[in-house]
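This is what each chain is made of:
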Amino acid sequence: METLANLALGFSVALSPYTLMLAVVGCFIGTIIGALPGLGPSNGVAILIPISFALGLDATAALVLMTAVYYGAMYGGRISSILLNIPGDEPALMTTLDGYPMAKNGEAGNALVLSGVASFVGAFLATVGLILLAPVLARVAFLFGPAEYFALYLLAFCTLGGMASNNQAKSAIAACIGLGIAMIGVDSSSGLPRLTGGNLHLYDGVDFLVAIVGLFAIAELFFFIESHGKGSSIGVVLDKVSIPWKYIRQTFPTMLRSSGVGFVAGVLPGAGASLGSFLAYMTEKSIAGEKGKFGTGVPKGIAAPEAGNNAAAGGALVPMLTLGVPGSGTTAVLLALLMTLNITPGPTLFRDNPDVVWGLIASLLIANVVLLIMNVPMVKIFVKILSVPAWILLPGVTMISTTGIFALTGSYFDLLMLIGFGVLGYFLRKLDVPTVPVILGILLGGNMEDALRRAMTLSDGDPTYLFSSPIAIGLWIAAILGFVAPMFLRGILKKPQAVTD
Amino acid sequence: MASDRIFGLITLITAAAYIAAATQIQTNFFSGEFLPKLFPLMIGGVAAICSLVLIFKPDPDPDWPMARTWGNLLVAVVVLAFYAVLMTPLGFILPTAVAASILSYQISPNAKRAVLAGIGLSLGLFVVFKFVLMLGNVVAYRSPTPAKLWDAISILIPFVGH
């Protein structure tokens, strides 16, 4: 009953005409961003955050707009996966495996609509899961002290490094880069500057938005200059779009199973949507067996990763909202949004700001429905947008993100840092060093250090305090397992390679 | 192999410098002697260990671009740097048109098309920012004095600017 009352509160916040309009606009922009090759949900949300601040939207409105963009981008990512064989971001990689072959078989329209429905089912079930699980976890989170929080942050970095990258050392270095940058600035307890090198511009620390936009958007520009924008023209023709009821009925059990798998993967801190779509695809592939013909363009091969991916996106919101630990790159960006709005995620959020939490959840449900309605008839429009050439798109994105940061801070120094982060992002991605841990490090560094310091102050400097409660020990074990286990599983769980022409 | 070793070496040196800087962090009565240094030291330590792992167990090399492409990338960085400092004295339209044209030309070398794209983007974004997003103060047009221009450009010259 309490849940229903809360939901009613949420809808009363989210259903005003103004926020509804924002949700529709956000879904539209988000789908476009997701569909454009090279621009994923993380980029999209990152570029729009500074602009939404400069607009002076209030907390609820900004949240509604950004979550709509987030869900929209998750939807849109599949369009370029299916039609161009280019995943808009990493979670969409699995959709290319069957989506592109199916489009080449002349069923592009069916593939797009089916993936839209699968996305809807995944995202919807995950939002329901979020409604049920988040308040419970928020209550558990009240038991967390500084030692537990420190272990939890560690767990996020470990699972992220373990699962999402190919080399543990590299992802640990990435996390250290982020954490190291987070330490720069005036120390909260002594009031003295730390690690600024005497540069006055650094006394406030490094704004994480600068880092996010630099690492994602500006680095992308360098990649396009390197490749001269090859591979961004449309490869598959889309003719008639109708609703393939037969496929939807056929794949419905697949969607349900994949949503479950994806949701669980999403809830694990640090694992995120890539793992969700990967596990969902592999589960369905092993259930179907050899006869399933996965990889040749079967409907189930589209429904599984899309439902899994979107369910994981919803699942990733659970640790982000209840514990303040994001489960994926994009939720890290959403966490950045919350922190800039002066909303601290964590158990207190559910107690102190129920209107924000439940408004957010209600706007997720609304965004979902809007997206399904928008995507089936309008898919042709989004496909048209795919043909925007890279030589207009990338300069445009660069200028929008630079101006966004400039509008936010008004300082040339931040713009120069933005370019610096772009260069860093280019080299890191070239060297196969994941950039998401860098973002996560910058975002969480301050909190992680606070937890450690409080633990040390409480225990009078005794390090064993960090392992003093069962929850903390459990988290430490999970963190070590999450970091070490993938080294041994890598041989077994080999990622399937994308089909090439 | 070599790229990872170089990357590992760079991170190792950076980590060492970071640790050295961390030991020099100023403290006072409120923060205690050790706590402000603890976490930075841990970060530096972990980074140092990981860079050693990378030096001894490197991954295969990525495909690095050719010399010409490096030149292009350098040009892009310089263009963006000038864009960053000139936005304050010159306003939005002129720097954006020039920078977007050059970047567009770098992605697809067709001069006429690139200039059109640059001008179009600059005016289009100006309209969007000013009239749709109401950020007129950010994208306002400004006519600079030579002194202000020099002030802005000198930022990019080491030891001359501020």
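Residues numbered from 1 in each chain as written. Chains lettered and ligands numbered in written order. Predicted model: local features only at pLDDT ≥ 70, side-chain atom pairs only at ≥ 80, totals over all residues.

### Notes on the overall build of chain B
Piece 1. What chain B contains, in helices and strands, is seven helices and zero strands.
Piece 2. For chain B, the succession of helices and strands along the chain, N to C, is α-α-α-α-α-α-α.
Piece 3. Expected size for 162 residues packed as a compact globule is a radius of gyration near 15 Å; at 23 Å, chain B overshoots this value by more than 25%.
Piece 4. With respect to the principal axes defined by its C-alpha atoms, chain B has extents near 55 × 50 × 35 Å.
Piece 5. Relative to its 162 residues, chain B shows a buried fraction of 33%. (Helix = DSSP H or I, 4+ residues; strand = E, 2+ residues; numbered from the N terminus. Rg over C-alpha atoms; globule rule 2.2 N^0.38 Å. Buried ≥ 20, exposed ≤ 12 C-beta atoms within 10 Å, placed from the backbone.)

### Some points on the overall build of chain A
Piece 1. Helices and strands together make up the secondary structure of chain A, namely 19 helices and two strands.
Piece 2. Its C-alpha atoms give chain A a radius of gyration of 22 Å, near enough to 23 Å, the size a compact globule of 501 residues would have.
Piece 3. Dimensions along the principal axes, computed over C-alpha positions, put chain A at roughly 70 × 50 × 50 Å.
Piece 4. The contacts in chain A between residues at least 6 apart in sequence include a share of 81% that link residues at least 24 apart. (Contact = placed C-beta atoms within 7 Å.)

### A word on helix H2 (residues 17-35) of chain A
Residues and elements named next belong to chain A.
Piece 1. The terminal C-alpha atoms of H2, which comprises 19 residues, lie 27 Å apart, in line with the 27 Å expected from a rise of 1.5 Å per residue.
Piece 2. Taken as a whole, H2 has its buried residues at Thr19, Leu22, Ala23, Gly26, Cys27, Phe28, Gly30, Thr31, Ile32, Ile33, Gly34 and Ala35.
Piece 3. Buried residues along H2 sit against helix H1 (2-14), helix H3 (41-54), helix H4 (59-84) and helix H15 (354-386). (Expected span 1.5 Å × (residues − 1).)

### Things to note about the interface of chain B and chain A
Piece 1. At the interface, 58 residues of chain B touch 50 residues of chain A.
Piece 2. Breaking the side of chain B that touches chain A down by element, the ones donating at least two residues are helix H1 (2-23), helix H2 (35-56), helix H3 (67-90), helix H4 (93-107), helix H5 (111-132) and helix H6 (136-139) of chain B.
Piece 3. Here the side of chain B that touches chain A is built from residues that sort into 41 nonpolar, 14 polar and three charged. (Nonpolar A, V, L, I, M, F, W, Y, C, P; charged D, E, K, R; others polar.)

### Section: the nonpolar core
Piece 1. Grouped together as the largest cluster of nonpolar side chains are 228 residues, with contacts concentrated most on Phe150(A), Tyr153(A), Ile212(A), Val213(A) and Ile439(A).
Piece 2. Inspection of this core shows a minimum of three residues originating in each of domain 1 (2-56) and domain 2 (67-154) of chain B.
Piece 3. Beyond its immediate stretch of four places on either side in the chain, Phe150(A) contacts Met448(A), Ala451(A), Leu452(A), Ala455(A) and Leu466(A). (Core = buried A, V, L, I, M, F, W, Y, C linked by C-beta atoms within 7 Å. Domains from an automatic or database assignment.)

### Points about the confidence of the model for chain B
Piece 1. Across chain B, the average pLDDT comes to 87, with 98% of residues at or above 70.
Piece 2. We note a pTM of 0.87 for the whole complex and an ipTM of 0.93 for its interfaces. (pLDDT = per-residue confidence, 0-100.)

### Considering unusual backbone geometry
Residue and element names in this part refer to chain A.
Piece 1. You will see that Leu195, though not glycine, has its phi angle at about 55 degrees, which is positive.
Piece 2. By secondary structure assignment, the location of Leu195 is in the loop between strand S2 (193-194) and helix H8 (208-227).
Piece 3. Despite not being glycine, Asp432 has its phi angle at roughly 65 degrees, a positive value.
Piece 4. Looking at where Asp432 falls in the secondary structure, it is placed in the loop between helix H17 (412-430) and helix H18 (436-458).

### Focus on the domain arrangement of chain B
Piece 1. Parsing chain B into structural domains produces domain 1 (2-56) and domain 2 (67-154).
Piece 2. Put simply, the middle of domain 1 of chain B and the middle of domain 2 of chain B, counted by C-alpha atoms, are 38 Å apart.

### Examining the packing of H3(B) against H4(B)
Residues and elements named next belong to chain B.
Piece 1. For the pair H3 and H4, the least separation of the axes is 9 Å and the interaxial angle reads 170 degrees. In terms of axis orientation, H3 runs roughly antiparallel to H4. Every residue of H4 that contacts H3 at Asn72, Val75, Ala76, Val79, Leu80, Tyr83, Leu86, Met87 and Leu90 is listed here: Leu94, Pro95, Ala99, Ile102, Leu103 and Gln106.
Piece 2. Residues belonging to the contact of H3 with H4 are distributed by class as follows: 13 nonpolar, two polar and no charged. (Axes fitted to C-alpha atoms, helices over the stretch in contact; angles between N-to-C directions. Parallel < 35°, antiparallel > 145°, perpendicular 65-115°, else oblique.)

### Some points on the packing of H3(A) against H4(A)
Residue and element names in this part refer to chain A.
Piece 1. Contact pair H3 / H4: the axes reach a minimum separation of 9 Å and the direction vectors enclose 155 degrees. As far as their axial angle goes, H4 and H3 are roughly antiparallel. Between H3 and H4 lies a crossing of right-handed hand. Contact residues: Pro41, Gly44, Val45, Leu48 and Ser52 in H3; Ala62, Leu65, Met66, Val69, Tyr70, Ala73, Met74 and Gly77 in H4.
Piece 2. For the contact of H3 with H4, the per-class residue count stands at 10 nonpolar, three polar and no charged. (Left-handed = near helix turned anticlockwise from the far one by under 90°.)

### What to know about the environment of Lys148(B)
Piece 1. Along the chain, Lys148(B) turns up in helix H7 (residues 146-154).
Piece 2. Expressed as a C-alpha distance, the spacing of Lys148(B) and Leu90(B), which sit 58 residues apart in the sequence, is 9.3 Å.

### A few points about H15(A)
Piece 1. Compared with an ideal rise of 1.5 Å per residue, which puts 33 residues at 48 Å, H15(A) spans 39 Å between its outermost C-alpha atoms and falls more than 12% short.
Piece 2. The principal kink in H15(A), of about 75 degrees, is found at Met378(A). (Bend = angle between axes of the 7 residues up to and from the residue.)

### Description of the environment of Lys57(B)
Piece 1. Along the polypeptide, Lys57(B) turns up in the loop between H2 and H3.
Piece 2. Separated by 30 residues in sequence, Lys57(B) and Met87(B) place their C-alpha atoms 45 Å apart.

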